[in-house]
Amino acid sequence: MRRLSTKVLALGAVLLLCLSFVQGVACADEKVLLMATTTSTDDTGLLDYLAPLFKEDTGITLQWTATGTGKALKLGENCDVDVLLVHDPDSEKKFVEAGYGVDRTQVMYNDFIIIGPADDPAGIKGLTSTEAFKKIAEKKAIFVSRADESGTHMKEKFVWQQAGLDVPDKEEWYVQTGQGMLITINVAAEKKGYTLTDRGTYIKYEANYEGKPPLVILSEGDPYLLNQYSVIAVNPERCPKVKYDLAKKFIEWMASPRAQQAIENFRLMGKQLFFPNADVASQSK
């Protein structure tokens, strides 16, 4: 029996080795696109929704890492990913101008909003973004910042600048998390403070509380608060090993009627999180 068992085990080992080899060949043949993106596209579930559709249409598996736009662009500079989906136009343009990225294409947008406690201790409800920031600074009300060089953080710094104020990073009432958007919102809720967020992530946060979240929208609709998303291929001339052909297919797919309609249809609690706009000034290379 022992000899039989040994033979069975040996046969099993051979079969496992063969199976591993076959799987290895299959994995080698699989088309995998690596993307760096912002936390909002991941936290909201948008990418979990789009990735299977992209695979169905192209045979390409999309894998991504979600971080702030600044860090995502750095991953592109370091040739660690093939494509980017980010939302800080100024930084993106610098990235392309420096030769790190190509084929920058606008694909969708939403907007930023300022949220805070329903009792609104700083009295910012209905104010513009710059008026709201001035009031928060004047009242020394708790403001929670991502402070991570993300697209949201860059927009926040822009609003402080437009308000004629320096970023109050030395003030006790200015809390810096260095974390993603959902975590930052939760910290703001714990501290009964204010924060700037993209609307898509806020809708996800709102859904987590079944429509009754601790923080509510207090300032919105400001032209300064437009939130544009674009896809960018990492430049193959700088990074010869990147899969530019797959990145190009992803960019074309994201701008296609099929993907644009999918983005249009993506909703939580009946609310639209992102708005497709690839057909409006769609390319800026």
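My aim in this report is to walk through the structure given alongside it, one point at a time. (Residues numbered from 1 in each chain as written. Predicted model: local features only at pLDDT ≥ 70, side-chain atom pairs only at ≥ 80, totals over all residues. Heavy atoms only, no water.)

Take the side chain of Ser230 next. Inspection of the secondary structure puts Ser230 in strand β9 (residues 226-234). The exposure class of Ser230 is buried, given its relative accessible area of 0%. Once residues within four sequence positions are removed from consideration, Ser230 is found in contact with Leu84, Leu85, Val86, Glu92, Arg104, Thr105, Gln106 and Val107. (Helix = DSSP H or I, 4+ residues; strand = E, 2+ residues; numbered from the N terminus. Buried < 20%, exposed > 50% of the residue type's maximum accessible area, 1.4 Å probe, protein only. Contact = heavy atoms within 4.5 Å.)

Scanning the model with the defined rule gives 10 salt bridges in all. For Asp148, the salt bridge identified is with Arg146, shortest N-O distance 2.9 Å. Taking the shortest distance from any N to any O, the salt bridge between Glu149 and Lys157 comes out at 3.3 Å. The exposure class of Glu149 is partly exposed, given its relative accessible area of 40%. (Salt bridge = Lys/Arg side-chain N within 4 Å of Asp/Glu carboxyl O.)

This brings us to helix α10 (residues 244-254). Each full turn of the α-helix corresponds to 3.6 residues, which orients residues three or four apart in the same direction. Within α10, burial applies to Leu246, Ala247, Phe250, Ile251, Trp253 and Met254. End-on view of α10: buried residues confined to an arc of 165 degrees, all on one side of the axis. (Arc of directions from axis to C-beta.)

Okay, the nonpolar core next. Of all hydrophobic cores here, the largest spans 30 residues; its most connected members are Leu33, Leu85, Phe250, Met254 and Phe274. Residue assignment for this core shows that the elements contributing at least two residues are β1 (31-38), α3 (46-58), β2 (60-67), β3 (83-86), β4 (101-117), β9, α10 and α11 (257-265). Aside from chain neighbours lying at most four places away, what touches Met254 is Leu50, Leu85, Val107, Val231, Ala259, Gln260 and Ile263. One finds Phe112, Ile124, Ala132 and Trp173 within the second-largest nonpolar core, a separate group that totals 17 residues. (Core = buried A, V, L, I, M, F, W, Y, C linked by side-chain atoms within 4.5 Å.)

Secondary-structure assignment places Thr38 in strand β1. In the structure, Thr38 is positioned 114 residues away from Thr152 in sequence and 9.5 Å away in space, judged by C-alpha atoms. Discounting residues that sit within four places of it in the chain, Thr38 has contacts with Ala66, Thr67, Thr69, Leu85, His87 and Tyr229.

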